[in-house]
Amino acid sequence: MGINTKELAKQIFELVGGKENIVTYTHCATRLRFSLVDHKAAQKKELENLSGITAVIESGGQFQVVIGPQVLEVYQELQKILPLSDDVKIKRQKKGVITGLIDILSSVFTPIIYVLAASGMLKGILALLVMLNWLQPTDGTYLVWSAAADAVFYFLPVVLSMTAAKKFGANQYVAVLIGLTLLYPSITAIKEAGEALSFFNIPITVATFSGSVFPAIFAVALLAWLEKGLNKILPSMVRNFLTPMFSLMILVPITLMLFGPASAWLSEGLNTLYTALYGFSAGLAGAFVGFFFQIITMLGLHWGLLPITFANLEATGFDTFGAFVAPTIVAQGGAALGVFLKTRNRKLKEIASAASIISFFGISEASMYGTNIRFKRPFFIALATSSVGAMVIGFAGSGGIAFAIPSIMSLPIFMTKNFTIFLLAYFGSFAVAAILTYLFGFSDKMLEEELEEKQEKTNESFIKSPVEGVVVPLSELPDQAFATGAVGRGVAIQATKGQVYAPCNGKVTSLFDSGHAIGITATDGKEILIHIGIDTVKLKGDYFEPKVAVDEEVEAGDLLVKFDAEKVRDAGFRDEVIVVITNLTEHEEVAILEKEHVHVGTPLLDIYLEKEG
């Protein structure tokens, strides 16, 4: 059964701090990525406990909520709650240089990552069709599909201008025009002919902009700043057309003169560093990328490595970095398969099998957070295995001819040098990780230890008795909703005093006007309902005196309600104080710690995790 994406989006929105705490947000293949005003205002523990959320990570200045393949649906529901418009005013947020750069690259690339992947897969399919002699590069069919596959890479500055404008809050149409200008035929012709270009007698070294990453980002960042300045000094009646005109007049030459050469230098620098490592030892480069890439992905910093692939493709039309990444994804899936084969726990089998399959479609997070990091050993087995697999690929000299998220669908782009060895390393990483995890990386004892650890933490937050009195099983109550546990599981107490105290630390989240019932959300997320009497709502507040209000923070032992038990009974109503927990999961059970008489503050209910065979 799938998750309720609408309800999950609502819960996430509230727990990250709502509208006031969200600067902006986006998503990738498996995660929602939030930029928050204050990370401390987000309720991380409560988020982690939500069904449908695999993990919550704070990294690279972002607050990341890992969901899995249904992240896009949750993102779309979140947009209904808090739409992101093109003219959204971004709140100020202090960030370091590295954190800021990672945040920018993430925001700029995330909206187009699937389009890039699809284009890369199409290029791989075309390469396969040519190899099988089913198509020729001169065929019309090939030319049409090749144009569709190449377009996003050739016009990458234009596409990035659009996403960068959204990130920086610039005019999207002006940003696109700047990107288009960089690829204007007369400009590209000068570069191809090796001719000189000058602007007011200032010589310009025209860079290659097709497929470039940084010029458009730099230009649009400056555009956002320039537009603000121009809009302040230009009269309102003319700024709508003068601001775009002056922006184009100023930024196009600046981009050609400064950003183009600077970005070429930056791309070449990244490529030089990577090439130096690769040149020193292709196997060592592979082993390094193979071991650390998923750790970098876990931290959300992998966006900063994308320019390496684009720089490789721009410089030589051949990329080895993406080939190194391929085994890192399926090795995590292989480790998950090892867990699936070894465990006898039905729920864990479901998680592990789905995670293992989805790794072949380029998604590693499901395996990492669903099983591998959870039990530690499978994760490190996958890292070691993928390191060896990538090292083999490095020694083989294999690589790709396009950018794509490495998956079984994009394998044709790697049909270059020693493709057979590449396939052996790719599928071998999966198989070896599965075997090693099965033999050495997992046992159901780990699951039992995990459950015991969680139970120990749960025991620290047991529910205390809110009143003094005699314990009455719920089954003995005349109200079927309570007697059957439909409302929640717990116990009733025949109180000897008409004072009800907080059973735990938490917040008052509901309080009936009649004062006969109160809801508390504990600090660990458990929701406790305290209901005084049966059908006492009919008293309309008579004989009840609440001492707290909704949204008030309470500590265990704080007075919540006073009531006159004798008058409640004289009015013909039962007066047991019922204490139930209303949001238990399917694997949680409640133990009643006292069977007879209890005092205020006595440990009353304990939540424990049911062990599944």
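Residues numbered from 1 in each chain as written. Predicted model: local features only at pLDDT ≥ 70, side-chain atom pairs only at ≥ 80, totals over all residues. Heavy atoms only, no water.

K.L.:
Help me understand the overall build of the chain, please; the structure alone is not making it clear to me.
P.N.:
When its secondary structure is counted, the chain shows 21 helices and 20 strands. In terms of its C-alpha atoms, the chain occupies a principal-axis envelope of roughly 100 × 70 × 40 Å. Expressed as a percentage of its 613 residues, the buried residues of the chain come to 50%. Of the contacts formed within the chain by residues at least 6 apart in sequence, a portion of 72% connects residues at least 24 apart. Put simply, the chain shows about 28800 Å² of open surface, and 61% of that area lies on carbon and sulfur atoms. Separation between the mean location of the 47 positive side-chain charges and that of the 57 negative ones in the chain comes to 5 Å. (Helix = DSSP H or I, 4+ residues; strand = E, 2+ residues; numbered from the N terminus. Buried < 20%, exposed > 50% of the residue type's maximum accessible area, 1.4 Å probe, protein only. Contact = heavy atoms within 4.5 Å. Areas by Shrake-Rupley, 256 points an atom, 1.4 Å probe, with all protein chains shown as cover. Lys, Arg positive; Asp, Glu negative; His and termini not counted. Charge placed at Lys NZ, Arg CZ, Asp CG, Glu CD.)

K.L.:
Would you mind showing me how to read the sheet that holds strand S19 (residues 597-598) here?
P.N.:
What holds strands together in a sheet is hydrogen bonding between their backbones, with the strands either parallel or antiparallel. An order of S15-S11-S12-S13-S17-S9-S8-S19 is seen for the 8 strands of this open sheet, with the pairing classed as antiparallel. The open sheet has two free edges, formed respectively by strand S15 (553-554) and S19, since each of these has just one partner strand. In this sheet, strand S17 (residues 577-581) lies alongside strand S9 (residues 489-495) in antiparallel orientation, the contact comprising 5 bridges. When the bridges of S17 are listed, Arg489 appears paired with Ile581. (Pairing = 2+ DSSP bridges.)

K.L.:
Can you walk me through the pattern of salt bridges in this structure?
P.N.:
Opposite charge on two side chains allows them to pair when their charged atoms are near. Inspection of every chain in the model, using the stated rule, returns 9 salt bridges. Between Asp150 and Lys123 there is a salt bridge whose closest N-O contact spans 2.5 Å. Note that Asp150 is positioned in helix H6 (residues 140-154) and Lys123 in helix H5 (residues 113-131), a separation of 27 residues in sequence. Judged by its relative accessible area of 29%, Asp150 falls in the partly exposed class. (Salt bridge = Lys/Arg side-chain N within 4 Å of Asp/Glu carboxyl O.)

K.L.:
Looking at this structure, how should I read the sheet that holds strand S4 (residues 62-66)?
P.N.:
Spatially, 4 strands are ordered S1-S2-S4-S3 in an open sheet, and the strand pairing comes out antiparallel. Strand pairing shows two members of the sheet lacking a second neighbour, strand S1 (22-27) and strand S3 (55-59), which therefore form its edges. Averaged over neighbouring strand pairs, the angle between their axes works out to 20° when direction is ignored. Note that S3 and S4 share 5 bridges and pair antiparallel. Residue pairing for S4: Ala55 is matched across the bridge by Val66. (Axes fitted to C-alpha atoms, helices over the stretch in contact; angles between N-to-C directions.)

K.L.:
I would appreciate a short explanation of H5 in the present structure.
P.N.:
Residues separated by three or four positions in an α-helix point in the same direction, a consequence of the helix having 3.6 residues per turn. Taking 1.5 Å per residue as the helical rise, H5 with its 19 residues ought to reach 27 Å, and the 27 Å between its terminal C-alpha atoms agrees with that figure. Along H5, the positions that sit buried rather than exposed are Ile113, Leu116, Ala117, Ser119, Gly120, Lys123, Gly124, Leu126 and Leu129. At the exit of H5 stands Asn133, carrying a positive phi of roughly 65°. (Expected span 1.5 Å × (residues − 1).)

K.L.:
Could you clarify how one ought to interpret the side chain of Glu77 in this entry?
P.N.:
On the secondary structure map, Glu77 appears in helix H3 (residues 71-81). On the accessibility criterion, Glu77 (16% relative accessible area) is buried. When sequence neighbours within four positions are dropped, the list of residues in contact with Glu77 reads Thr5, Lys6 and Ala9.

K.L.:
Would you take a moment to explain the packing of helix H14 (residues 321-342) against helix H16 (residues 365-375) for this structure?
P.N.:
Geometry of a packed helix pair, given as the angle between the helix axes and the separation of the axes. Contact geometry of H14 with H16 gives a least axis separation of 9 Å together with a crossing angle of 40°. Classified by the angle their axes make, H14 and H16 are oblique. For the element pair H14 and H16, the recorded crossing hand is left-handed. Between H14 and H16, the contacting residues are Gln332, Gly333, Ala335, Ala336 and Val339 on the first element and Ser367, Met368, Thr371 and Asn372 on the second. In terms of residue class, the contact of H14 with H16 is built from 4 nonpolar, 5 polar and no charged. (Parallel < 35°, antiparallel > 145°, perpendicular 65-115°, else oblique. Left-handed = near helix turned anticlockwise from the far one by under 90°. Nonpolar A, V, L, I, M, F, W, Y, C, P; charged D, E, K, R; others polar.)

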